[in-house]
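Survey of secondary and tertiary structure
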Amino acid sequence: MKDLTAAGGERTSSASPSGYVARLAAPAFVAVSAVFHYLGPAFAVLLFARLDVFGVTWLRIASAALVFAVWRRPWRLLRRLTAAQHRVLLALGVVLAVMNTTFYLAIARLPLATVGSIEFLGAIILAAAGVRSLRNALSLGLAVAGVFTLTNIRLAGAPLGFGFAFANCALFMLYVTLGHRVANTGPRDGPQWAGVDQLGAAMLIAAVVTTPLCLVGAAPAFEHPDWLLAGVAVGVCSSVIPYVTDQLAMARLRRATFALMLSILPASAMVIGLLVLAQLPTVHDLLGLALVTVAVAIHQQPSLKFDIDRGESECSTSGSARPV
């Protein structure tokens, strides 16, 4: 049996073996992204003792941009994009630049878990916007309970740090929104990884945006090859692997579903703390992990046919139809 896509074509039913594989692939991509979201900051913390926040930010973004330039050569895709898609890429590039800067400015003043907790508020808002059933409302409620059980937000002290953290939260919401649009639109004749190529172009824009403000802070690293190597590690772990896997997951999931799955990030931080830093989880931590796991497990992504019937497809006419 086949379903109609939003563009009027056909796609394989989710009941087919390939459909099941696709459904399993998206959570796997989110899981990989979650792991590297916390390995990256571990390298960044080491660099904070040697470089200022702006210098670490520039090394992260510039090294990621260099990787994308060598690996994907994203400029080859640009001539096949529409003017509207160019504007989305420009906006995504600016968001990546400012979001990464505010994130580091926040974690330089506040515990990483606190900044992460505030960041997840944005994901929760996006997930709530996509609730369309009692089952998914329950899933969202469990995710919220799990995130707040795993983390402890203390709104006291370091007001500037909290200002940066909430700014990062708003920018993270924009990243998910724009990133999802990039993942689900592109030239009709573009390559299979067109979303990743567009991400690479956005990262090049981010590097241009951050260079005037942040390059001076990174200058001392050019005299220390080990600092530069650490900066490259930060870029790969924080802005290449997780953003690429985000793109691959976004191309397979509705935006609200993807946002809900981001609630596993605090849980991944706990697991990495156990395996890498030997930080034993408490009963409180395990309860939060269980709630998040159940929330992700019971969430049901609406079928594409449901979206079409409701007239909610956001897929570009210039790109293939994918979840929105």
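Calculation criteria
Residues numbered from 1 in each chain as written. Predicted model: local features only at pLDDT ≥ 70, side-chain atom pairs only at ≥ 80, totals over all residues. Heavy atoms only, no water. Helix = DSSP H or I, 4+ residues; strand = E, 2+ residues; numbered from the N terminus. Buried < 20%, exposed > 50% of the residue type's maximum accessible area, 1.4 Å probe, protein only. Areas by Shrake-Rupley, 256 points an atom, 1.4 Å probe, with all protein chains shown as cover. 1 Å grid on protein atoms, 1.4 Å probe; cavity = no way out; pocket = protein on both sides within 12 Å on 5 of 7 lines; lining within 4 Å. Points joined across faces, edges and corners; volume = space filled by probe spheres on them. Nonpolar A, V, L, I, M, F, W, Y, C, P; charged D, E, K, R; others polar. Polar contact = N/O pair within 3.5 Å; in protein donor to acceptor, adjacent residues only side chain to side chain. pLDDT = per-residue confidence, 0-100. Contact = heavy atoms within 4.5 Å. Axes fitted to C-alpha atoms, helices over the stretch in contact; angles between N-to-C directions. Parallel < 35°, antiparallel > 145°, perpendicular 65-115°, else oblique. Left-handed = near helix turned anticlockwise from the far one by under 90°.

A count of helical and extended segments in the protein chain gives 13 helices and 2 strands. Scored against the burial criterion, the 324 residues of the protein chain give a buried share of 49%. Of the accessible surface of the protein chain, which amounts to about 14,800 Å², a share of 69% is contributed by carbon and sulfur atoms.

The next subject is the side chain of Gln198. Looking at the secondary structure, you find Gln198 in helix α8 (residues 194-218). Using a relative accessible area of 2% as the deciding quantity, one classes Gln198 as buried.

A complete count under the given rule lists 3 cavities of 30 Å³ or more for this structure. Size it by volume and the largest cavity reaches roughly 230 Å³. Taken together, 18 residues form the lining of the largest cavity, with His37, Pro41, Arg60, Phe103 and Glu119 sitting closest to its centre. At the level of secondary structure, the elements contributing two or more residues to the lining of the largest cavity comprise α1 (17-48), α4 (83-107), α5 (112-129), α7 (159-183) and α9 (225-250). Of the residues in the lining of the largest cavity, the class split is 10 nonpolar, 6 polar and 2 charged.

Our next topic: the side chain of Thr185. Tracing the chain through its elements places Thr185 in the loop between α7 and α8. Owing to a relative accessible area of 10%, Thr185 belongs among the buried residues under this scheme. Within the structure, Thr185 has its side chain in polar contact with the backbone oxygen of Arg181 (distance 2.8 Å).

The next point concerns the confidence of the model for the protein chain. Here the protein chain shows a mean pLDDT of 78. Residues at 70 or above account for 73%. Ignoring residues within four places in sequence, the model shows residues 1-18, a span with pLDDT below 50, making 28 contacts including any to other chains.

Right, let's talk about the packing of α4 against α7 for a bit. α7 packs onto α4 with a crossing angle of 150° between their chain directions and a minimal axis gap of 8 Å. On the basis of their axis angle, the class for α4 and α7 is roughly antiparallel. Once α4 is placed against α7, the crossing between them reads as left-handed. Per-class residue counts for the contact of α4 with α7 are 20 nonpolar, 4 polar and 1 charged.

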